[in-house]
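# Geometric and topological summary
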Amino acid sequence: MFGYMMKRFLQLTVTLFGVVTLVFFALRLLPGDATAAMAGDNLSGEALERLREQMGLNEPLYSQYFSYLGSLLRLDFGNTLITNLPLMEMLMKSVPITMTIALITIVLAIAISIPLGTLAAYMAHKGKKTLDNIITWAAMVVDLMPAFWTSLLLLLILSLSLGIFPASGAVTFEDPVMLMKRIAIPVIVLTITQLAILTRMTRTAVLEVLNEDYIRTARSLGMSEILVVFRHALKNAALPIVTVLGISFGNLLNGTVIVEFIFSIPGIGTLLVNGIYSRDYPLVQTLILFYAFIFIVVNFLTDIVYKKIDPRVQF
């Protein structure tokens, strides 16, 4: 296990280095100029050139690149180009909000989709297709609903028409009640996007296991159906479900970019969109690096869970 962890740590380092390099050069190949975006119509000519010089954007690309790598090695993310605020300070404010949304969403998605998928598989196994078909078709319909469309629909119904949840207001941990109300619709939207794939994957995995010989043996020993399904079938079907959960968490972070921007939630998704609009290179680079780091860590934790579920798994 120690050897595996060292191997994954090296892979993580190489992957992050690749992400840093790719994002650094990709951003600078995009059309547009950070200084022009920041100055707007207020500066032109020599003034714009002086501003570019002060920001170090006239340096050769390789010089900017090695300077950026040196800063990362010192864990110095620097300041944003547009507001000149420390990036670490901005991350400390926005990351807890995004992670709160993501964690509540994944807990709700697991709590709803796994029982639904297991129930659909059990009904299909027993030849009772009606409930299985309803759950499967509902999952397919939900899967076809784009997150931005669902966001706007729920915003119209739950906020503007019924007034259940506010469409605007402060998002701060100092007021947890208001915080929960403000992130309620984004959490619902993201949970809906996760339900479809998790429910269908659970159904497929459990249905396959329910046809195994050891399930028939468990029934022949007089075990109740609940014990057979949840103790034996679901446990042995867990590996593919855990795989999809790991992938879903990565997709979930991508989804937060859309819903945070739509609902004006000051998380890292909103920061990223604003950074791209303003060509704020340090901000965008740092946020994409953060997303890549979280995705790699989640994959690593998924592998650890594999080993816990099935000790026969070899790395």
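Going by an unreviewed UniProt entry, the chain carries the name ABC transmembrane type-1 domain-containing protein and comes from Paenibacillus crassostreae. Its UniProt record, at the heading Subcellular location (unreviewed entry), says of the chain: "Cell membrane". Listed in UniProt under the heading Sequence similarities (unreviewed entry), the comment for the chain reads: "Belongs to the binding-protein-dependent transport system permease family."

### Some remarks on the UniProt feature "domain: ABC transmembrane type-1" (unreviewed entry) in the chain
Under the UniProt annotation, "domain: ABC transmembrane type-1" (unreviewed entry) lies at residues 95-302. Annotated as residues 95-302, this span is 83% helix and 0% strand, and its ends, taken at the C-alpha atoms, are 21 Å apart.

### Considering the environment of Phe173
In this structure, Phe173 sits in the loop between helix 7 (147-161) and helix 8 (176-210). Along the sequence, Phe173 and Pro96 sit 77 residues apart, while their C-alpha atoms lie 9.1 Å from each other. If we ignore the near neighbours within four places in the chain, the residues touching Phe173 are Pro96, Ile97, Thr100 and Leu179.

### Observations regarding empty space enclosed by the protein
A full pass over the atoms with the stated rule returns one cavity of 30 Å³ or more. By volume, the largest cavity amounts to about 30 Å³. Taken together, Val19, Val20, Val23, Tyr68, Gln285, Ile288 and Leu289 make up the full set of residues lining the largest cavity. Of all elements in the fold, only helix 1 (2-29) and helix 13 (281-309) reach the threshold of two or more residues within the lining of the largest cavity. In the lining of the largest cavity, the residues fall into six nonpolar, one polar and no charged.

### Details of the domain arrangement of the chain
The domain architecture assigned to the chain consists of domain 1 (32-74) and domain 2 (87-309). Put simply, the middle of domain 1 and the middle of domain 2, counted by C-alpha atoms, are 39 Å apart.

### Things to note about the nonpolar core
Counting 60 residues, the largest nonpolar core has Ile101, Phe249, Ile265, Ile268 and Leu287 as its most contacted members. For this core, the secondary structure elements donating two or more residues are helix 1, helix 4 (61-73), helix 5 (87-125), helix 7, helix 8, helix 11 (238-262), helix 12 (268-277) and helix 13. Among the elements that make up this core, the one with the highest residue count is helix 13 (11 residues). Here this core gathers at least three residues from each of two domains, domain 1 (32-74) and domain 2 (87-309). Among residues more than four places away in sequence, those in contact with Ile265 are Ile97, Ile101, Val171, Arg182, Ile183, Pro186, Glu260 and Thr270. Membership of the second largest hydrophobic core comes to 15 residues, among which are Tyr122, Val229, Ala237 and Ile241.

Criteria and thresholds
Residues numbered from 1 in each chain as written. Predicted model: local features only at pLDDT ≥ 70, side-chain atom pairs only at ≥ 80, totals over all residues. Heavy atoms only, no water. UniProt positions renumbered as here; feature names shortened; annotations may be inferred. Helix = DSSP H or I, 4+ residues; strand = E, 2+ residues; numbered from the N terminus. Contact = heavy atoms within 4.5 Å. 1 Å grid on protein atoms, 1.4 Å probe; cavity = no way out; pocket = protein on both sides within 12 Å on 5 of 7 lines; lining within 4 Å. Points joined across faces, edges and corners; volume = space filled by probe spheres on them. Nonpolar A, V, L, I, M, F, W, Y, C, P; charged D, E, K, R; others polar. Domains from an automatic or database assignment. Core = buried A, V, L, I, M, F, W, Y, C linked by side-chain atoms within 4.5 Å. Buried < 20%, exposed > 50% of the residue type's maximum accessible area, 1.4 Å probe, protein only.

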